[in-house]
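Remarks on the overall topology
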Amino acid sequence: MCLSATVSFTASALLTAGGAAIIVKAARSNWRYLPIGLMPLFAGIQQFTEGFVWVGVNSGDHGTMVWGAMGFIFFTWFMWPFWIPSRSGCWSRRTAAAVRGSWR
């Protein structure tokens, strides 16, 4: 978010709650949606680590800043570039058509 620790932690809470709701929905309807449903949860964790970057910057605590930055970098450099391509293949054309039909 690049705004403040408060914004990052608030976004983290909202994304994590939304991700949990999506995971429950995926578990009840079709487990194939779970990898896609985990994305908001992971984004919430990423925002949580960014919040610690802000806490470290504002307090001058370099240890907190570095650990938060390493968590954030893990998601931006490693997790997202591998998770999205590998998990987007979990949908077939038939599954995509079913999803489009269920949201109408």
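Quantities reported herein were computed from a predicted structural model and do not represent experimental measurements. (Residues numbered from 1 in each chain as written. Predicted model: local features only at pLDDT ≥ 70, side-chain atom pairs only at ≥ 80, totals over all residues. Heavy atoms only, no water.)

Our focus in this paragraph is the nonpolar core. Core analysis: the largest hydrophobic core is formed by eight residues, namely Leu38, Met39, Phe42, Ala43, Phe75, Met79, Trp80 and Trp83. Taken together, the elements giving at least two residues each to this core come down to helix H2 (34–59) and helix H3 (62–88). Discounting chain neighbours no more than four positions away, the residues touching Phe75 are Phe42, Ile45, Gln46, Trp80 and Pro81. (Core = buried A, V, L, I, M, F, W, Y, C linked by side-chain atoms within 4.5 Å. Buried < 20%, exposed > 50% of the residue type's maximum accessible area, 1.4 Å probe, protein only. Helix = DSSP H or I, 4+ residues; strand = E, 2+ residues; numbered from the N terminus. Contact = heavy atoms within 4.5 Å.)

Mapped onto the fold, Leu41 is located in helix H2. When the C-alpha atoms of Leu41 and Ala17 are compared, they prove to be 7.7 Å apart, with 24 residues separating the residues in sequence. For Leu41, the residues in contact, after removing those within four places along its chain, are Leu15, Thr16, Gly19 and Ile23.

Where helix H1 (residues 5–29) meets H2, the axes come as close as 7 Å, and the angle between the chain directions of the two elements is 165°. Classified by the angle their axes make, H1 and H2 are roughly antiparallel. For the element pair H1 and H2, the recorded crossing hand is left-handed. Of the residues in the contact of H1 with H2, the class split is 17 nonpolar, eight polar and one charged. (Axes fitted to C-alpha atoms, helices over the stretch in contact; angles between N-to-C directions. Parallel < 35°, antiparallel > 145°, perpendicular 65-115°, else oblique. Left-handed = near helix turned anticlockwise from the far one by under 90°. Nonpolar A, V, L, I, M, F, W, Y, C, P; charged D, E, K, R; others polar.)

The next point concerns the packing of H2 against H3. Look at H2 against H3: their axes get within 7 Å of each other, and the N-to-C directions meet at 160°. With respect to H3, the axis of H2 lies roughly antiparallel. As H2 packs across H3, the resulting crossing turns out to be left-handed. Considered class by class, the residues forming the contact of H2 with H3 number 19 nonpolar, seven polar and two charged.

Take it as geometry only, folks, not as evidence of what the structure does.
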